[in-house]
Amino acid sequence: MSASLLARVPVPVKLAAPLAVALLAAAACSSSSGSSSTSNSTSPSAAAPAGSASSTVITTKTSSGGSFLTNSAGRAIYLFMADSSGKSACSGACAAAWPPVVATGQPTASGGAQSSDLSTITRSDGTKQVTYDGHPLYYFEGDTGPGTDKGQGLNGFGALWYLVAPSGSSITTAVTISGSGSAPAAPPSSGGGGGY
């Protein structure tokens, strides 16, 4: 009985059916990979901190502790004291808590940041992590956005985390917003952080 049904189907429909199935499968595959890359690019730790897709801008903000590096949106940038020789010692759970500052193009400097100190290293997953004066740069997942530096002086994943001065050195003092009246950050040994 199925052979007689197939005999009644016009030839163009018989030829078009496999083509339609192949096109639908291809569309589903490209749609799936497209939404995968979209979800990756909109994750808070991947795209939001890194700046634009073509260039990451590293700039500076000024606080009671002096000037320090931020991204173009004002989000604080840290260095990890366990890193050495331009290599990141932060991966896995560490990189989830301290997302690397990544760039797809050459990072650029603004404010008090120096272009000559900016570069990138390639992480084990193939992403390009921004470095400043040889230090791989990170955000802190606990920062609620621009104007916070809750990671300042924290001791996590085997070493201390500090804001980065435009000179490339770590800022080891408490940092507060000038004239805000907010309490200073706890000393680095207690793992506290403050606002700027």
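In case you missed it, the structure is sitting above this.
Residues numbered from 1 in each chain as written. Predicted model: local features only at pLDDT ≥ 70, side-chain atom pairs only at ≥ 80, totals over all residues. Heavy atoms only, no water.

1. Quick look at the sheet that holds strand E5 (residues 118-122)
Sheet architecture is open: 3 strands sit in the order E5-E6-E7, paired in antiparallel fashion. Each of the sheet's edge strands pairs with one partner strand only, and the pair in question is E5 and strand E7 (135-136). Summarising the sheet, strand E6 (residues 128-132) and E7 pair through 2 bridges and their orientation is antiparallel. Paired with Tyr-132 across the two strands is His-135, which belongs to E7. (Pairing = 2+ DSSP bridges. Helix = DSSP H or I, 4+ residues; strand = E, 2+ residues; numbered from the N terminus.)

2. Observations concerning the state of the cysteines
Throughout the structure, instances matching the rule amount to 1 disulfide. Linked covalently through their sulfurs, Cys-90 and Cys-94 form a disulfide whose S-S length is 2.0 Å. Note on the Cys-90 and Cys-94 pair: the S-S dihedral is about -110°, so by sign convention the disulfide is left-handed. There is no split in this pair, since Cys-90 and Cys-94 are both buried. (Disulfide = S-S within 2.5 Å. Buried < 20%, exposed > 50% of the residue type's maximum accessible area, 1.4 Å probe, protein only.)

3. Some words on the side chain of Gln-152
Relative to the assigned elements, Gln-152 resides in the loop between strand E8 (148-149) and strand E9 (155-156). Within polar-contact distance, the side chain of Gln-152 engages the backbone nitrogen of Leu-163 at 2.7 Å. At a separation of 2.6 Å, a polar atom in the side chain of Gln-152 contacts the main-chain carbonyl oxygen of Ile-171. (Polar contact = N/O pair within 3.5 Å; in protein donor to acceptor, adjacent residues only side chain to side chain.)

4. Examining the pairing of E6
Within E6, 4 of the 5 residues are buried, which leaves the element mostly enclosed by the surrounding structure. Here 5 bridges tie E5 to E6, and the two strands are oriented antiparallel to one another. Along E6, the bridge assignment pairs Ile-121 with Gln-129. The loop that links E5 with its antiparallel partner E6 comprises 5 residues; one of these, Gly-126, has a positive phi angle of about 95°. Counted along the chain from E6 to the antiparallel partner E7, the turn is 2 residues long, and its residue Asp-133 has a positive phi close to 50°.

5. Looking at the sheet that holds strand E1 (residues 57-63)
Spatially, E2-E1-E4 is the arrangement adopted by the 3 strands of the open sheet, whose pairing is mixed. The strands lining the two open edges of the sheet, one partner per strand, are strand E2 (66-71) and strand E4 (108-109). Pairing of E1 with E4 involves 2 bridges; the strand directions are parallel. Bridge pairing in E4 places Ile-58 opposite Ala-109.

6. Here we look at the packing of aromatic side chains
Aromatic ring pairs: the centre-centre distance and the angle between the two ring planes describe each pair. Throughout the structure, instances matching the rule amount to 6 aromatic pairs. Geometrically, the ring pair formed by Phe-80 and Tyr-138 is edge-to-face, given 6.5 Å between the ring centres and 85° between the ring planes. In this pair, Phe-80 sits in strand E3 (residues 78-80) while Tyr-138 sits in the loop between E7 and E8, placing the two residues 58 residues apart along the sequence. For the residue pair Phe-80 and Tyr-138, the accessibility class agrees, reading buried in each case. (Phe/Tyr/Trp six-rings, centres within 6.5 Å; stacked < 30°, edge-to-face > 60°.)

7. Brief notes about the nonpolar core
Judged by nonpolar contacts, the single largest core of 17 residues is most densely connected at Tyr-78, Phe-80, Cys-90, Trp-98, Trp-161 and Leu-163. Looking at this core, the elements that each hand over two or more residues are E3, helix H4 (93-97) and strand E10 (159-164). Ranked by residue count, the leading element in this core is E10, at 3 residues. Setting aside residues up to four positions removed in sequence, Phe-80 forms contacts with Ala-89, Cys-90, Cys-94, Tyr-138, Gly-156, Phe-157, Ala-159, Leu-160 and Trp-161. Formed by 13 residues, the second largest nonpolar core is a distinct cluster that contains Ile-58, Leu-79, Ala-103 and Tyr-132. (Core = buried A, V, L, I, M, F, W, Y, C linked by side-chain atoms within 4.5 Å. Contact = heavy atoms within 4.5 Å.)

8. Section: the pairing of E1
The pairing of E1 with E2 spans 6 bridges and is classified as antiparallel. Across the sheet, Lys-61 pairs through a bridge with Phe-68, a residue of E2. Here E1 folds back onto E2 in antiparallel fashion, the turn holding 2 residues.

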